[in-house]
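# Fold and geometry: a report
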Amino acid sequence: MLHLAGCILVMAGCTGFTAGICKDGAKRLFLLKQIRIVYENMKYYIAYQKAAIPEALWRLSENNEEPFRGAFKKIYSEVYEEGRNFPLTWQRHMGEVLENQPLTIREKKFVLDFPSCLGFMEENAQAMALDGLLREINLHIEELEAERKGKNKMIMSLGVGAGVLISILLL
């Protein structure tokens, strides 16, 4: 009886482990979509409302949700009120936000390299620079969505299969 209980617990553990891996993939996709929305909103504020970058960040902090809301407020206050360097402040605060997120290095670069694409251009050129970032993010999101379903099925199958194999070996 104890062997059977142990086998069931091993199977549940393997299934739970693989479900956690699938959940990280879903969170990656959610964060990338959130980053895309941030860039779309920023483009709108810069191009159509003629807002400066710090002002656009303030508006984003009001309209966005965590994990980015707090970082936008901090960046705004340091850049606009204290006069600090925007690229360095952006990299520091966004690096802190992205530190514990399940994003890959390439996906984190979408966020961390944002100030380098703006430069000292006028607002229309800045909005067009954001278009390039948006295209890259959209392509990456499409790739992830295409491979996510098949990958999740494969991961869950391997997890259940590993649980069954370990259970058989333990019996």
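It should be noted that the structure appears before, not after, this text.
My aim in this report is to walk through the structure given alongside it, one point at a time. (Residues numbered from 1 in each chain as written. Predicted model: local features only at pLDDT ≥ 70, side-chain atom pairs only at ≥ 80, totals over all residues. Heavy atoms only, no water.)

### Quick look at unusual backbone geometry
The phi angle at Lys50 is positive, at roughly 55°, despite the residue not being glycine. Positionally, Lys50 belongs in the loop between helix 1 (2–47) and helix 2 (53–63). (Helix = DSSP H or I, 4+ residues; strand = E, 2+ residues; numbered from the N terminus.)

### Structural notes on helix 5 (residues 105–112)
Considered for burial, the residues of helix 5 that qualify are Glu107, Phe110 and Val111. Down the axis of helix 5, the buried side of the element spans an arc of 90°, and every buried residue falls inside it. (Buried < 20%, exposed > 50% of the residue type's maximum accessible area, 1.4 Å probe, protein only. Arc of directions from axis to C-beta.)

### Concerning helix 3 (residues 68–81)
Taking 1.5 Å per residue, 14 residues should reach 20 Å; helix 3 reaches 19 Å between its end C-alpha atoms and fits that length. When helix 3 is considered as a whole, its buried residues turn out to be Phe68, Ala71, Phe72, Ile75, Tyr76, Glu78 and Val79. Those residues of helix 3 hidden inside the fold are in contact with helix 1, helix 2 and helix 4 (86–98). Downstream of helix 3 by a residue or two, Gly83 has a phi angle that is positive, lying close to 75°. (Expected span 1.5 Å × (residues − 1). Contact = heavy atoms within 4.5 Å.)

### Remarks on the nonpolar core
Within the largest apolar cluster, 34 residues are counted, with the highest numbers of intra-cluster contacts made by Tyr39, Leu57 and Trp90. Those elements that provide at least two residues to this core are helix 1, helix 2, helix 3, helix 4, helix 5 and helix 7 (123–170). It is helix 1 that provides the largest number of residues to this core, a total of nine residues. Discounting chain neighbours no more than four positions away, the residues touching Leu57 are Met42, Phe72, Ile75, Phe86 and Trp90. (Core = buried A, V, L, I, M, F, W, Y, C linked by side-chain atoms within 4.5 Å.)

### Remarks on the pattern of salt bridges
For side chains of opposite charge, pairing can occur when their charged atoms come near one another. As enumerated under the stated definition, the model contains nine salt bridges in all. Here Arg59 and Glu55 are joined by a salt bridge, their closest N and O atoms 2.6 Å apart. Placement of the pair is Arg59 and Glu55 together in helix 2, with a separation of four residues, close to one helical turn. On the accessibility criterion, Glu55 (35% relative accessible area) is partly exposed. Taken together, the shared-partner salt bridges connect Glu78, Glu82, Arg84 and Arg92 into one network. (Salt bridge = Lys/Arg side-chain N within 4 Å of Asp/Glu carboxyl O.)

### As for the packing of helix 2 against helix 3
The geometry of helix 2 relative to helix 3 is characterised by a closest axis approach of 8 Å and an angle of 150° between their N-to-C directions. One element, helix 2, and the other, helix 3, form an angle in the roughly antiparallel class. Here helix 2 runs over helix 3; the crossing is left-handed. In this structure, helix 2 contributes Pro54, Glu55, Leu57, Trp58, Leu60, Ser61 and Glu62 to the contact, and helix 3 contributes Arg69, Phe72, Lys73, Ile75, Tyr76, Val79 and Tyr80. The class makeup of the residues in the contact of helix 2 with helix 3 is nine nonpolar, one polar and four charged. (Axes fitted to C-alpha atoms, helices over the stretch in contact; angles between N-to-C directions. Parallel < 35°, antiparallel > 145°, perpendicular 65-115°, else oblique. Left-handed = near helix turned anticlockwise from the far one by under 90°. Nonpolar A, V, L, I, M, F, W, Y, C, P; charged D, E, K, R; others polar.)

By themselves these figures say nothing about function.
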